[in-house]
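# Commentary on secondary and tertiary structure
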Amino acid sequence: QSLPQQKLLTWLSVLECVEVFAEMGTARVWGEMGRWTIIVLIQLAKAILRLLLLLWYKAGIQTSPPIVPLNREQQQPLHPQDTGDNSSGKDQTYVGRRSSRVVRSLQSTPSLQSRHWGSPQQREESQSRRAEEMNQPPTPLGLQETIAESIYITRPLLHLLSLGVWGQRSWKPWLLSAVLDISSLSLLSDLKDLNRRERAELRRRTILLLYYLLRSPFYDRYSEGRILLLLRLLADYVPGVGLVTRPLMDYLPAWQKIYFYNWG
């Protein structure tokens, strides 16, 4: 990736990290008008950055979060001797004569912090496989797929615009957003030869369609009573489940009112 593209991804990641805090802090200081103002500004900035990545830098299907968090455990070397001559790991293991089982020799036992329970060859293979998956270029998008990704990117702006036109209690913003999400997924479903990250992103978007059960006005009119009843039954009749469901029942109304949790 070029340096400007990396900067766009960094700013996009920062926006996704601070959007909930910005919404809640602005609502506390400036009220509802300030809250909706910061929501519109953040969604507009995210849409501009994503469109630049899509149309200018040909970034393909964009994942969330834009920058994958670093897994430091996977980045650790097998042990200090990895930088020496025995990097292949052949002298670090012992193969049983009868069982042919590979075990680590005592001389090459790493420290407790970097210890793992597989053979060095297995870890080297898994690390190289992950590196290859992370370094795979994005799948080129045709006209249909570019339109689909553009629909997904601009859906939050169209939803906010429809909220301003028809109000928060209207079904039209909810239906418009659902139609745009389903249309985008349908257009992208014909795309073949996706890499692992892109397939995971499409699965994530498909699962997120369940959020429409928790979004107003559907939640207020249909889902709320049924979901709370189900959680209450689980808490009362299933031992131990109440430790999770009772706090969830208290948290769900507050979560549902925060835009970036519910619609972001």
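Residues numbered from 1 in each chain as written. Predicted model: local features only at pLDDT ≥ 70, side-chain atom pairs only at ≥ 80, totals over all residues. Heavy atoms only, no water.

## Some remarks on the overall build of the chain
What counts, and what does not: The secondary structure listing takes helices from DSSP runs of H or I that are at least 4 residues long and strands from runs of E that are at least 2 residues long, numbered from the N terminus. Burial classes: relative accessible area under 20% of the type maximum marks a residue as buried, over 50% as exposed, and values in between as partly exposed (1.4 Å probe, protein chains only). We call two residues contacting when some pair of their heavy atoms lies within 4.5 Å. Here the accessible surface of atoms and residues is derived via Shrake-Rupley with a 1.4 Å probe, and residues count as covered only by protein chains that are part of the display.
Helix and strand counts for the chain come out as nine helices and two strands. In the chain, the succession of helices and strands from N to C terminus is α-α-β-β-α-α-α-α-α-α-α. Considering the chain as a whole, with its 264 residues, one finds that 36% of them fall into the buried category. Partitioning the intrachain contacts of the chain with sequence separation of at least 6 by distance along the chain shows that 71% fall at a separation of at least 24. When the accessible surface of the chain is summed, it comes to about 17,200 Å², and 61% of that surface belongs to carbon and sulfur atoms.

## Focus: the side chain of E19
To keep things clear, this is the line we draw: For this analysis, a polar contact is any N or O atom pair within 3.5 Å, provided that within protein one partner can donate a hydrogen and the other can accept it, and provided that sequence-adjacent residues contribute only side-chain to side-chain pairs.
For E19, the location among the structural elements is in helix α1 (residues 3-56). With relative accessibility at 8%, the residue E19 sits in the buried group. Among the polar contacts listed, one links the side chain of E19 to the side chain of K46, at a separation of 3.0 Å.

## Section: the nonpolar core
Nonpolar side chains in soluble globular proteins tend to be buried together. Operational definition: The definition of a nonpolar core used throughout is a set of buried Ala, Val, Leu, Ile, Met, Phe, Trp, Tyr and Cys residues joined through side-chain atoms within 4.5 Å. How far each domain reaches was decided by an automatic or database domain assignment.
The biggest cluster of nonpolar side chains holds 13 residues, and the ones touching the most others in it are I39, L160, Y212, Y259, F260 and W263. If you tally residues by element for this core, the top one is α1, at four residues. Looking at this core, you find at least three residues from each of domain 1 (3-65 + 139-215) and domain 2 (216-263). Excluding residues within four positions of it along the chain, Y259 makes contact with E23, R35, W36, I39, Q43, P156, H159, L160 and G264.

## Quick look at the pattern of salt bridges
We apply this condition: Any Lys or Arg side-chain nitrogen located within 4 Å of an Asp or Glu carboxyl oxygen qualifies as a salt bridge.
This structure, assessed with the given rule, holds nine salt bridges. Note that R50 and E16 form a salt bridge whose closest N and O atoms lie 2.6 Å from each other. Neither R50 nor E16 differs from the other in exposure class; each is buried. With a closest N to O distance of 3.1 Å, E32 and R35 form a salt bridge. With a gap of three residues between them, E32 and R35 both fall in helix α1, about one helical turn apart. Here the residues in one salt-bridge network are E149, E201, R204 and R205, joined through shared partners.

## A few points about the packing of aromatic side chains
Defined as follows: Each Phe, Tyr or Trp ring (for Trp, its six-membered ring) is paired with any other whose centre lies within 6.5 Å, and the angle between the two planes then decides the class: stacked below 30 degrees, edge-to-face above 60, tilted in between. Placement of a positive charge over a ring is assigned whenever Lys NZ or Arg CZ falls within 6 Å of the ring centre and within 35 degrees of the normal to the ring plane.
Considering all chains together, one arrives at ten aromatic pairs under this definition. Centroid distance Y211 to W255: 5.5 Å. Interplanar angle 80°. Geometry classified as edge-to-face. Of this pair, Y211 sits in the loop between α6 (196-207) and α7 (218-237) while W255 sits in helix α8 (residues 242-257); the two residues are 44 residues apart in sequence, bridging distant segments of the chain. For Y211, a relative accessible area of 28% puts it in the partly exposed group. On the basis of relative accessibility, which here comes to 12%, the residue W255 falls in the buried class. Grouping aromatic residues by their ring pairs yields a cluster made of W171, W174, Y212, F218, Y222 and W263. Looking at R205, its charged tip hangs above the ring of Y152, at a distance of 3.7 Å from the centre. Lying across the ring of W263, R215 places its NZ or CZ 4.3 Å from the centre.

## Section: α8
Using the following cut-off: To estimate how far a helix should extend, the number of its residues minus one is multiplied by 1.5 Å. Fitting axes to the seven residues ending at a residue and to the seven starting there, one defines the bend at that residue as the angle between these axes.
In this model α8 runs 23 Å from its N-terminal to its C-terminal C-alpha over 16 residues, within 8% of the 22 Å that 1.5 Å per residue would give. The axis of α8 is deflected most strongly, by about 35°, at Y251, and proline P253 appears within four residues downstream. All buried positions along α8 are accounted for by G242, T245, M249, L252, W255 and Q256.

## Some details on the packing of α1 against helix α4 (residues 143-166)
We count it as follows: Interaxial angle, 0 to 180 degrees, is taken between N-to-C directions of lines fitted to C-alpha atoms, where a helix line uses only the stretch in contact. Under this scheme an angle from 65 to 115 degrees is roughly perpendicular, one under 35 degrees roughly parallel, and one over 145 degrees roughly antiparallel; angles in between are oblique. In a left-handed crossing the near helix is turned counterclockwise from the far helix by less than a right angle, and in a right-handed crossing that turn is clockwise. In this classification, Asp, Glu, Lys and Arg are treated as charged, Ala, Val, Leu, Ile, Met, Phe, Trp, Tyr, Cys and Pro as nonpolar, and every other residue, Gly included, as polar.
Where α1 meets α4, the closest approach of the two axes is 10 Å, and the angle between their N-to-C directions is 165°. Relative to α4, the element α1 lies roughly antiparallel. Two packed elements cross with a definite hand, and for α1 against α4 that hand is left-handed. Packed against α1, whose contacting residues are W36, I39, V40, Q43, L44, A47, R50, L51, L54 and L55, the element α4 presents T146, E149, S150, I153, T154, P156, L157, L160 and L163 at the interface. Across the contact of α1 with α4, the residue classes tally to 13 nonpolar, four polar and two charged.

Geometry only, nothing functional implied.
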